[in-house]
Amino acid sequence: MFHRILTILCVLICAPSSAPAQEYDLQNVARFDILPGYPSQKGHIIAARIQLRDKWKTYWRAPGGNGIPPLFDWKGSKNVRAITFHWPEPNIFNDEAGRTLGYKTELILPIDITPQNAGQPILLKGEVTFGVCEDICMPVSAKFELKVLETHSQNHEVIRAAMARLPKTAKAAGIHSVKCQIKPISGGFQLTAKMRTRTSLPADTFTVFEFPHPEAWIEQDHTSIRGTKLIASANLYTYGDTPLILDRRKITMTLLGGKHAIEVRGCPS
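Residues numbered from 1 in each chain as written. Predicted model: local features only at pLDDT ≥ 70, side-chain atom pairs only at ≥ 80, totals over all residues. Heavy atoms only, no water.

*Asks:* Can you lay out the overall build of the chain for me, pointing to particular residues and giving the numbers?
*Replies:* A tally of helices and strands in the chain yields 1 helix and 21 strands. Out of the 269 residues in the chain, the part that is buried amounts to 46%. In the chain, 66% of the contacts between residues at least 6 apart in sequence involve partners at least 24 apart. Total accessible area on the chain is roughly 14300 Å²; 50% of this is exposed by carbon and sulfur atoms. (Helix = DSSP H or I, 4+ residues; strand = E, 2+ residues; numbered from the N terminus. Buried < 20%, exposed > 50% of the residue type's maximum accessible area, 1.4 Å probe, protein only. Contact = heavy atoms within 4.5 Å. Areas by Shrake-Rupley, 256 points an atom, 1.4 Å probe, with all protein chains shown as cover.)

Okay, structure coming up:
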């Protein structure tokens, strides 16, 4: 039976830039820490690391089922203009809770920080909440603080290995002629995407639709493959009082189940 424990576990994480990031044990199930990184084109790249006890898992940004994705609150940070996450390809789990997407053993999540003022110190401060699951599932949270001042060569290999596990872009995967239909339904919209690929995709490929809006929820529907033609659909529901403006450019579709995940950004008509 799938159980959920509504207990929030909090720890304080403080990793000075002059020393390796410290690890903190969360209920003997997971360890969380922030890895100082190195300069990037945008500013500076770091990584959040979640290490898990054997047989436990954590979740991707669109976890499916009852999964709890990592959610970051950056309140208290200084000299930060923008934050970009680089999500490694998730694993697919099929169990009593249904199909969920996430990671076992470890998640290294690279994070690109764009400063407000280039060349000035960056202070990252906030809190992260994420789900961990085995036979039971529970949300855990941790506070963190990190001064980003310099490069940390000991973390280069770990972060770059995670960057190498990002999904392929549509262009790199040979996907072309992407077209979408958006039809109003009760409480939201039906999304249907049609794509053509350079080579045939595996028959068990499925598509995850995403749209970044706090009052939108997406019910993934189905994906069908016929040779080099893919058709996928989902239902997007809104539950706020304000009418939702559905910007096609902000829709993301991730194709999972093949040798490599493929990320398609934008849903043109």
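Now that the structure has been shown, the text picks up again.
*Asks:* Provide a residue-level description of the pattern of salt bridges, including the pertinent values.
*Replies:* The full count for this structure, using the stated rule, is 5 salt bridges. Of the charged contacts in the structure, one is a salt bridge between D247 and R249, with a shortest N-O distance of 3.0 Å. Three or more residues joined by partner-sharing salt bridges are found here, namely R61, E210, E263 and R265. (Salt bridge = Lys/Arg side-chain N within 4 Å of Asp/Glu carboxyl O.)

*Asks:* Break down the state of the cysteines for me, citing the residues and quoting the values.
*Replies:* Summed over all chains, the structure comprises 2 disulfides. A sulfur-sulfur separation of 1.9 Å characterises the disulfide bridge that pairs C133 with C137. Judged by relative accessible area, C137 falls into the buried class, the value being 3%. Two residues, C180 and C267, share a disulfide whose sulfurs are 1.8 Å apart. Taking the sign of the S-S torsion, about -95 degrees here, the bridge from C180 to C267 comes out left-handed. One end of the pair, C180, is in strand β15 (residues 175–185); the other, C267, is in the segment after β21 (262–265), with 87 residues separating them in the sequence. According to the relative accessible area criterion, C267 is buried, its value standing at 3%. (Disulfide = S-S within 2.5 Å.)

*Asks:* How would you summarise the sheet that holds strand β18 (residues 216–226) if you had to cite specific residues and measurements?
*Replies:* Taken in spatial order, the 4 strands of this open sheet run β15-β16-β19-β18, and their pairing is antiparallel. Both edges of this open sheet fall to β15 and β18, since each of them pairs with a single strand only. Ignoring strand direction, the axes of neighbouring strands in this sheet form an average angle of 15 degrees. (Pairing = 2+ DSSP bridges. Axes fitted to C-alpha atoms, helices over the stretch in contact; angles between N-to-C directions.)

*Asks:* Quick rundown of the sheet that holds β21? Include the residues and the values.
*Replies:* Across the sheet, 4 strands lie side by side as β14-β21-β20-β17; this open sheet has mixed pairing. For this open sheet the edge positions go to β14 (168–169) and β17 (206–210), each flanked by a neighbour on one side alone. Relative to strand β20 (residues 252–256), β17 runs antiparallel, the two sharing 5 bridges. Bridge pairing links E210 to T252 in β20.

*Asks:* Tell me about helix α1 (residues 156–163), and please be specific about residues and values.
*Replies:* Considered for burial, the residues of α1 that qualify are H156, I159 and A162. What you see down the axis of α1 is that its buried residues fit within an arc of 140 degrees, all on one side. (Arc of directions from axis to C-beta.)

*Asks:* Give a description of the packing of aromatic side chains that names residues and reports values.
*Replies:* Enumeration over the complete set of coordinates arrives at 8 aromatic pairs. Pairing W74 with F144 gives two aromatic rings, centres 5.3 Å apart and planes at 70 degrees, and the pair type is edge-to-face. Remark: F144 occurs in strand β13 (residues 136–148) and W74 occurs in the loop between β7 (71–73) and β8 (82–85); sequence separation between them is 70 residues. Each member of the pair, W74 as well as F144, carries the same accessibility label: buried. Between F85 and W87 the ring centres are 6.2 Å apart and the planes differ by 40 degrees, which places this aromatic pair in the tilted class. Above the face of the F206 ring, R99 is positioned so that its terminal group lies 3.7 Å from the ring centre. Over the ring of Y38 we find R160; its NZ or CZ atom is 4.3 Å from the centre of that ring. (Phe/Tyr/Trp six-rings, centres within 6.5 Å; stacked < 30°, edge-to-face > 60°. Lys NZ or Arg CZ within 6 Å of the ring centre and 35° of its normal.)

*Asks:* Provide a residue-level description of the environment of D221, including the pertinent values.
*Replies:* By the element assignment, D221 lies in strand β18. The class of D221 is partly exposed, set by a relative accessible area of 44%. Along the chain, D221 and F206 lie 15 residues apart, while their C-alpha atoms are 9.3 Å from each other. The residues touching D221, leaving out its near neighbours within four places in the chain, are S233 and A234.

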